[in-house]
Amino acid sequence: MADGVVEFDFDHTATFIDAMNSGLSHLCSKVFTFRTMARSGVQFRLYARRKSPFRDAETILICREVSEFSLTRLDSFDCSWSEQELAVVDALKAQGHSILPMFIVIRRGPSMAFFLEENELSQESVCVQELLCRMMSDHDAARALASNLVY
């Protein structure tokens with residue numbers, strides 16, 4: 001590294017979730033908290049919130065980061081998951097949790113996000129134009145989560 005250059009290890013996912021939680025709080029909805037995972041080889045982060053005070057089931061956001069540059073130069077986005085990642089998802093579903101895959105899109109301006117649908121997890125790829133149309137800000141993601149009764 002060159003002299004005088006400061007390298008930041010900026011956590012885009014945590015920043016986006018914090019901003020989204022701020023919107024959820026403003027909408028009087030439950031917020032998401034970080035969940036640690038003891039499995040190595042898994043390339044996502046988990047954030048969860050309780051569905052109901054009477055049940056242990058949670059809504060779990062499975063967050064990954066992708067750059068806008070890498071999205072816009074492709075026709076289809078590879079959304080395949082490793083066997084270890086699928087094992088984690090299956091284990092969480094078996095415990096009664098709702099799974100919601102979310103990709104944080106790192107861009108020059110404020111970060112955006114898009115959600116994958118349940119059936120898209122089993123597909124090899126998804127059309128990039130479809131995903132770009134789904135991109136939303138932290139505030140829009142908060143409104144979508146607050147208005148959806150399942151999550």
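Quick summary incoming for the structure in this document. (Residues numbered from 1 in each chain as written. Predicted model: local features only at pLDDT ≥ 70, side-chain atom pairs only at ≥ 80, totals over all residues. Heavy atoms only, no water.)

1. Examining the overall build of the protein
Our working rule: Put simply, DSSP H or I for four residues or longer makes a helix, DSSP E for two residues or longer makes a strand, and each gets a number counted from the N terminus. For a compact globule the rule gives 2.2 Å times the number of residues to the power 0.38, and the radius of gyration it is set against comes from C-alpha atoms. Only protein chains enter the accessibility calculation, which uses a 1.4 Å probe. A residue is then buried if its area is under 20% of the maximum for its type, exposed if over 50%, and partly exposed in between.
Each helix and strand counted, the protein has five helices and seven strands in total. Tracing the protein from N to C terminus, the helices and strands come up as α-β-β-β-α-β-α-β-β-β-α-α. Against the globule reference of 15 Å for 151 residues, the protein gives a C-alpha radius of gyration of 16 Å, in line with a compact fold. Considered along the principal axes of its C-alpha atoms, the protein spans approximately 55 × 35 × 35 Å. The 151 residues of the protein split such that 41% are buried.

2. Some details on helix H5 (residues 138-147)
Short version of the rule: Taking the helix axis as origin, the arc is that swept by the directions to the C-beta atoms.
By the burial criterion, the buried members of H5 are Ala141, Ala142 and Leu145. The arc that holds the buried residues of H5, viewed along the axis, is 100°, so those residues lie on one side.

3. Here's the deal with the packing of aromatic side chains
For clarity, the threshold we go by: Here the aromatic set is Phe, Tyr and Trp, taking the six-membered ring for Trp, and pairing holds for ring centres within 6.5 Å; pairs whose planes are under 30 degrees apart are stacked, those over 60 apart are edge-to-face, and all others are tilted. Charge-over-ring contacts are defined here by two conditions on Lys NZ or Arg CZ: a distance within 6 Å of the ring centre and an angle within 35 degrees of the ring normal.
Scanning the entire structure with this criterion turns up five aromatic pairs. Ring geometry for Phe34 and Tyr47: centres 5.5 Å apart, planes at 65°, overall edge-to-face. Here the residue Phe34 occupies a position in strand E1 (residues 33-35), and Tyr47 occupies one in strand E2 (residues 45-50), the gap between them amounting to 13 residues. On the accessibility criterion, Tyr47 (5% relative accessible area) is buried. Their ring planes at 90° and their centres at 6.1 Å tell us that Phe77 and Phe114 sit as a pair that is edge-to-face. Of this pair, Phe77 sits in strand E4 (residues 76-78) while Phe114 sits in strand E6 (residues 112-115); the two residues are 37 residues apart in sequence, bridging distant segments of the chain. Aromatic rings pair up to connect Phe77, Phe103 and Phe114 into one cluster. Taking the ring centre of Trp81 as reference, the NZ or CZ of Arg64 above it sits at 4.9 Å.

4. A word on the sheet that holds strand E5 (residues 98-106)
Keep this limit in mind: What makes two strands pair is DSSP finding at least two bridges between them. Between the N-to-C directions of two axes lies an angle of 0 to 180 degrees, each axis being a line fitted to C-alpha atoms and, for a helix, fitted only over the stretch in contact.
If you walk across this open sheet you meet the five strands as E1-E2-E3-E5-E6, and the pairing is mixed. Looking at which strands have only one partner, the edges of the open sheet turn out to be E1 and E6. Going from strand to strand, the sheet's axes swing by 35° on average, the running direction of each strand aside. The pairing of E1 with E2 spans three bridges and is antiparallel. Directly across from Phe34, in E2, lies its bridge partner Tyr47.

5. Re unusual backbone geometry
Here Cys28, not a glycine, exhibits a phi torsion of approximately 55°, which is positive. Mapped onto the fold, Cys28 is located in the loop between helix H1 (12-26) and E1. When its relative accessible area of 76% is taken as the criterion, Cys28 is described as exposed.

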